[in-house]
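Residue-level listing of the chains:
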Amino acid sequence: MSHTSSSLSRRQFLKGLSVAGAASLLPLRLLMPYSAQAATAFSEKDFQIFRNACPRNCYDTCSIKTYVKDGIVQFIEGAQESTFTAGGLCVKGYAYPRRVYSPDRIKYPMVQDGRRSGNWRRVSWDEAMDRISRKILELKEQDGNLLGLGLTKYSGNFGITNYGVEGMMSSLGYTTRFVGTPCWPAGIDAQNYDMGDMWCNDPEDMVKSRYVIIWGANPAWCSVHTMKYIMEAKRRGAKVVVIDPVFTQTAAKADVFWQPEASSDGALALGMARHILDLGMVDQDFVNANALGFEEFAAYLRENVTVEWAAGLSGIPAEQIREVAEEFATADPATIWIGYGMQRHTNGGASVRSVDALVAMTGNVGKEGGGARYGHLRTWGVNYHALIQKQPEGSVGFIGATGPKGEFDFTKGEAASYSDRTFNINKTAQGILDAKDPALRMLWVSCKNPFAQDFDRPKLEKAFDTLEMVVSVEQFFTETVANSDIVLPVTTLFEEWTVNVSYWHYWLGINEQAIKPMYETKSNIEIAAELSKKMNELAPGSCTFPQDIDTKDWLEKEFNQGIYDYFGIKHWTDLKNGPVKAKLASTAAWHDMTFGTPSGKYEFRSDLCAEHGHEALPKYKEGRKPYDEFRLLTPHTQFGLHSQFVNLDWMHEYNKEPFLYMHPDDAREKNIRDLDMVRVFNKVGELRVKVKLTRNVAPKSLVMYEAWFGRGNDFNVQNLVDDEAADMGAYKTGAPGVAIHGQFANVERV
Amino acid sequence: MSEQCMPSIEALRDFFAATDAGDLEDAAVRIAESVGVEIPPHTDWTTVEYEFNRLFVGPAAVPAPPFASAWSESDRALMGRATSEARQTYHRLGLAVPGEGVIPDDHLAYELEALLVLKSVLATEAGAPDAETAALHAWFVGEHLERWLPPFMQAVREQATEGGVVALVTEALAAWFDNERNSTAALRPA
């Protein structure tokens, strides 16, 4: 492939290939193959090669090799050294250069004269920091503390040094933090109640599974690198079952597809459990030696659960429930991948506990190729040097007990009598509206797009109206930026040094700075250093964040001997040769049967769970009652990751506009035809979108893929999703989750 | 002829390199003078700044990115072939964009300055311009700029406020470019 032109578009590339291949098809007698590209054949030494890691909120956290020539990223590919990445990225990852070099990228610090006016002026970093600092100092003076300054940040960038944003907040004083996670909190708590931690097997060991149930996850779109292990397991004879309210691309590869009533998963799992119990297929060795409370669980099943009952609630035929239950119980090992979508319900935590129980009672916990797979944080034991900063002397804050700030809160808890004030990130709008003594007056937004990702967008708009200053740190002009007063341009992964790990696989990758930060972009820790400079200039001692930082140096400070030992490397620079995998004693989580629960065993009966206001046993909990005609599902698309990628030009080629997916039978009743423009509406708000009819979605359901299309397209599913809480999440992540899929709406033609 | 154009190019360069209302006003006034046109009365320069940013800078998606790459190739991405062309041109003149790679080399302001240099070199060689520089000049105008300035200016015309400063400047740019194209036409290979 010729690399003389860095502007070779994908279409041109493909065209070039087919012409080159044509000669080989003809039987030639006299002419020999000639390639115009021979003179400029690809040679690695024409490029500077850097190691990067995709810092997105994705299972796969790909290890990337970046090819730079003349200081320009020419193209990227997946690293071969990682058996997980295995040389390939995903459709989103390959589009990264389009992001760096998009003319629409936010290039300079800018201020908006009048929020939402669209009137923006460039300012220098100095002026931006001056405005922000003066506002912070004003808050401090007027309120006597900095609780009026809030941070909302989530998973936009998981490069470890980006926790420097939280560190920056701490270095200013005690502030308001939006804590918790919209993503996976109910399941995290559930796994903690059952096993004492969220800890999954090495996904690469799925090849050893003899039975794979993918429950509410869609790896064909959202964890493409895991698919090869599932397909290999299948090739070796395993049966694959996919349980999903939508017939996904993953489901298309399965042997069995179940499309249950959304939020009935707990009942379905309990129905299977009852059948396994009845047939005497329980792994008695496991439940006797390594579990607590199985007999009580068994009694609960006998008294309250039947396969017919489960069939009635879920819509899955009883004989299928029996068949799959038997197969699952007899396969050895068998595994269930518990997807995050499955627990985004008011009963999400309870449902996950039921599925965990299924895996445990069949003796699949602690087995290579087995396990209740959800996620892990085993490889995240870095120093969090960027995160851990001290409040300035004399800082005044919130008085009262606070929990963890999120699932990635690795700080050991506050010893001081003051703490940050915490609000539920899943009820951001309500939190802002309710805040008092002091009110929330200023908001710093980073690694997040609240207007597209937080719930109840109409309420959020009202909430933002009450804020005096909003600062957004961004790469593209999201709706949140449109609702901000100051925007600060941030670097992409190619423009900063950091380190990345995954919450699914066990690889560690370095992220080198491959090119100079473009325009006036700065990384999050550089921004923090700038702020500190200005704060201390105006008020000495008002910010403890170091003012002179070297991002490469800060990367190095994240490593410790624990990480070196766990990954078997001598020094972080070893990672320049490629990503490295943890030295695992076993690919199985809980292989040593030493659970992190109070009893040290798998707890079918968790007293802690009951203490926290739930049931001790994994009992059935009803899902949210419908308040409108259709169930509304807003899952993840393969073309984007929340607000990222869908706005890029290459993605627009494949994914030009959003659609509502609806069953033809429902459409007929509403006099709606394929590609009609429709209005979807409920008590939260409404949106207009084109409809596509498909039997992939269940009757009486409306499916839209959440995404931010950019370029003025105002498609936003949060106009329809409210902030109803999930049952669990407060224990380990600081706040309950959200019933993202426990939503309902109606639809009509326009 | 070339001497009369010079202030105009510098002012055009300064306009597109502007970072605030003050810069814009300064450059726009000089452009207007050089083409004998009046700045619309009651012009609010902050409003001009808002429009300038909306069209060329951000933070929202820009309808008229002032970079050759955005218009020369089949896609809008920056740091493309046109950027390399611009960079090589500057290198041949013994020049470079500071912090090469931080801001794409093919920004209009840089290209206009390179043009100034080319014309300046040719002016000092008035009696006997060296063929290489003349050819470079002709290529830069007739091939490089020709590929992107017209569609760029068209986009600005469609998006800018009618009769406003940005529209005025774009017309000056168009007039200058037309003239430049004609004067280098003779030197372009047939």
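It should be emphasised that the depicted structure is a prediction, and the values quoted were computed from it without experimental measurement. (Residues numbered from 1 in each chain as written. Chains lettered and ligands numbered in written order. Predicted model: local features only at pLDDT ≥ 70, side-chain atom pairs only at ≥ 80, totals over all residues.)

*Asks:* Hey, could you run me through the overall build of chain A in this one?
*Replies:* For chain A, the count of helices and strands is 24 helices and 27 strands. With the principal axes as the frame, chain A shows a C-alpha extent of 90 × 70 × 65 Å. In chain A, the share of contacts with a sequence separation of at least 24, taken over all contacts with a separation of at least 6, comes to 75%. (Helix = DSSP H or I, 4+ residues; strand = E, 2+ residues; numbered from the N terminus. Contact = placed C-beta atoms within 7 Å.)

*Asks:* Sorry, what's going on with the overall build of chain B here?
*Replies:* Counting its secondary structure elements, chain B contains eight helices and zero strands. Helices and strands appear in chain B in the N-to-C order α-α-α-α-α-α-α-α. A compact globule built from 190 residues should have a C-alpha radius of gyration of about 16 Å, and chain B, at 16 Å, falls within 12% of that. Taking the principal axes of the C-alpha coordinates as reference, chain B spans close to 50 × 35 × 30 Å. Put simply, chain B has 190 residues, and 42% of those count as buried. (Rg over C-alpha atoms; globule rule 2.2 N^0.38 Å. Buried ≥ 20, exposed ≤ 12 C-beta atoms within 10 Å, placed from the backbone.)

*Asks:* When you look at the nonpolar core in this model, what are you seeing that I'm missing?
*Replies:* Across soluble globular proteins, nonpolar side chains have a tendency to be buried as a group. Formed by 279 residues in total, the largest nonpolar core has its most connected members in A:Trp215, A:Met272, A:Leu702, B:Leu12 and B:Phe15. Looking at which element gives the most residues to this core, the answer is helix 7 (residues 131-159) of chain B, with eight residues. Apart from residues no more than four positions distant in its own chain, B:Leu12 is found in contact with B:Ile31, B:Leu112, B:Ala172, B:Leu173 and B:Trp176. (Core = buried A, V, L, I, M, F, W, Y, C linked by C-beta atoms within 7 Å.)

*Asks:* Can you walk me through the sheet that holds strand 27 (residues 743-749) of chain A in this structure?
*Replies:* Paired through backbone hydrogen bonds, the strands of a sheet run either parallel or antiparallel to each other. All names here are of chain A. Strand order in the closed barrel formed by six strands is 22-26-23-25-24-27, and the pairing between neighbours is mixed. For this sheet, the mean angle separating the axes of adjacent strands, direction not counted, is 45 degrees. Summarising the sheet, strand 24 (residues 677-681) and strand 25 (residues 686-693) pair through five bridges and their orientation is antiparallel. Among the inter-strand pairings, Arg 679 is bridged to a residue of strand 25, identified as Arg 688. (Pairing = 2+ DSSP bridges. Axes fitted to C-alpha atoms, helices over the stretch in contact; angles between N-to-C directions.)

*Asks:* Where do I start with the interface of chain B and chain A in this structure?
*Replies:* The parts lose accessible area when they come together, and the size of an interface is often stated as this lost area. Taken together, the contacts link 30 residues of chain B with 30 residues of chain A. Counting residues per element, the ones that place at least two in the side of chain B that touches chain A are helix 3 (45-57), helix 4 (69-72) and helix 5 (81-92) of chain B. Among the elements that take part in the side of chain B that touches chain A, helix 3 of chain B stands out by supplying four residues, more than any other.

*Asks:* Looking at this structure, I do not really get the sheet that holds strand 10 (residues 256-258) of chain A. What am I missing?
*Replies:* Residues and elements named next belong to chain A. Taken in spatial order, the five strands of this open sheet run 10-9-8-12-13, and their pairing is parallel. Each of the sheet's edge strands pairs with one partner strand only, and the pair in question is strand 10 and strand 13 (371-373). With strand direction ignored, the average angle separating the axes of adjacent strands in the sheet is 15 degrees. In this structure, strand 8 (residues 211-215) lies alongside strand 9 (residues 239-243), joined through five bridges in parallel fashion. Bridged to Ile 213 within strand 9 is Val 241.

*Asks:* Could you clarify how one ought to interpret helix 5 (residues 185-195) of chain A in this entry?
*Replies:* Residues and elements named next belong to chain A. Across the eleven residues of helix 5, eleven count as buried, placing the element largely inside the fold. Within helix 5, burial applies to Pro 185, Ala 186, Gly 187, Ile 188, Asp 189, Ala 190, Gln 191, Asn 192, Tyr 193, Asp 194 and Met 195. Count one or two residues on from helix 5 and you reach Gly 196, which has phi positive near 95 degrees.

*Asks:* Could you clarify how one ought to interpret the packing of helix 5 of chain B against helix 7 of chain B in this entry?
*Replies:* Between two packed helices, the angle of one axis relative to the other and the distance separating the axes together describe the packing. All names here are of chain B. Two elements in contact, helix 5 and helix 7, have axes separated by 12 Å at closest approach and are oriented at 160 degrees. The orientation of helix 5 with respect to helix 7, classified from their angle, is roughly antiparallel. Helix 7 is crossed by helix 5, and the crossing has left-handed handedness. Contacts between helix 5 and helix 7 involve Ala 82, Glu 85, Thr 89 and Arg 92 from the first element and Leu 136, Phe 140, His 144 and Trp 148 from the second. Here the residues of the contact of helix 5 with helix 7 sort into four nonpolar, two polar and two charged. (Parallel < 35°, antiparallel > 145°, perpendicular 65-115°, else oblique. Left-handed = near helix turned anticlockwise from the far one by under 90°. Nonpolar A, V, L, I, M, F, W, Y, C, P; charged D, E, K, R; others polar.)

*Asks:* Just checking my understanding: could you explain the confidence of the model for chain B for this structure?
*Replies:* Note that predicted coordinates carrying low pLDDT should not be read in detail. Residue and element names in this part refer to chain B. When pLDDT is averaged across chain B, the result is 91; 94% of the residues are at 70 or more. Here helix 1 (residues 2-16) stands out as the least confident element of chain B, with mean pLDDT 75; helix 3 is the most confident, with 98. Taken as a whole, residues 1-6 scores under 50 in pLDDT and shows five contacts with residues more than four places along the chain or in a different chain. Model confidence for the complex: the whole-complex pTM is 0.92, and ipTM, which rates the interface, is 0.94. (pLDDT = per-residue confidence, 0-100.)

*Asks:* Got a minute to help me understand helix 12 (residues 318-330) of chain A in this structure?
*Replies:* Along an α-helix, residues three or four apart share an orientation, since each turn contains 3.6 residues. Residues and elements named next belong to chain A. The end-to-end C-alpha distance of helix 12, which contains 13 residues, comes to 18 Å, matching closely the 18 Å that a straight helix rising 1.5 Å per residue would cover. Of all the residues in helix 12, the buried ones are Ile 321, Val 324, Ala 325, Phe 328 and Ala 329. All buried residues of helix 12 project into a common sector of 130 degrees when viewed along the axis, lining one side. The secondary structure elements touched by the buried residues of helix 12 are strand 8, strand 9, strand 10, helix 8 (265-278), helix 11 (307-314) and strand 12 (334-338). (Expected span 1.5 Å × (residues − 1). Arc of directions from axis to C-beta.)

*Asks:* Please explain the pairing of strand 9 of chain A as it appears in this structure.
*Replies:* Residue and element names in this part refer to chain A. The buried fraction of strand 9 amounts to four of the five residues, a majority that puts the element mostly inside the structure. Relative to strand 10, strand 9 is paired through three bridges, and the arrangement is parallel. When the sheet's bridge partners are listed, Ile 243 is paired in strand 10 with Trp 258.

*Asks:* Please clarify how the environment of A:Ala291 should be interpreted in this entry.
*Replies:* All names here are of chain A. Tracing the chain through its elements places Ala 291 in strand 11 (residues 291-292). Between the alpha carbons of Ala 291 and Pro 203 there is a distance of 24 Å; along the sequence they are 88 residues apart. Discounting chain neighbours no more than four positions away, the residues touching Ala 291 are Phe 286, Ala 360, Lys 601, Tyr 602 and Phe 604.

*Asks:* I tried to follow unusual backbone geometry on my own but got confused; where do I start?
*Replies:* Most peptide bonds take the trans form, and the phi angle of most residues other than glycine is negative. All names here are of chain A. A cis amide bond, omega 0 degrees, links Asp 437 with the succeeding residue Pro 438. Take Pro 438: it is sitting in the loop between helix 14 (428-434) and strand 15 (442-446). Of note, Asn 671 is a non-glycine position whose phi angle comes to about 60 degrees, a positive value. The topology assignment puts Asn 671 in the loop between helix 23 (664-669) and strand 24.

*Asks:* I keep staring at the environment of A:Lys92 and nothing clicks. Help me out?
*Replies:* Residues and elements named next belong to chain A. With respect to the helices and strands, the residue Lys 92 is situated in the loop between strand 3 (72-78) and helix 2 (96-100). Looking at Lys 92, the number of C-beta atoms within 10 Å reads 24, which means it is buried. With 396 residues separating them along the chain, Lys 92 and Leu 488 place their C-alpha atoms 24 Å apart. In contact with Lys 92, other than residues within four places in its own chain, are Phe 639, Gly 640, Leu 641 and Phe 645.

*Asks:* In this structure, what is going on with the packing of helix 3 (residues 125-143) of chain A against helix 18 (residues 524-538) of chain A? I would like to understand it.
*Replies:* All names here are of chain A. Close contact between helix 3 and helix 18 brings their axes to 9 Å; oriented N to C, the two are set at 60 degrees. Here helix 3 is positioned oblique relative to helix 18, judged by the angle of their axes. Viewed along their axes, helix 3 and helix 18 form a crossing whose handedness is right-handed. In contact with Trp 125, Met 129, Asp 130, Ile 132, Ser 133, Arg 134, Ile 136 and Leu 137 of helix 3, helix 18 contributes Glu 530, Leu 531, Lys 534, Met 535 and Leu 538. For the contact of helix 3 with helix 18, the residue count by class is eight nonpolar, one polar and four charged.

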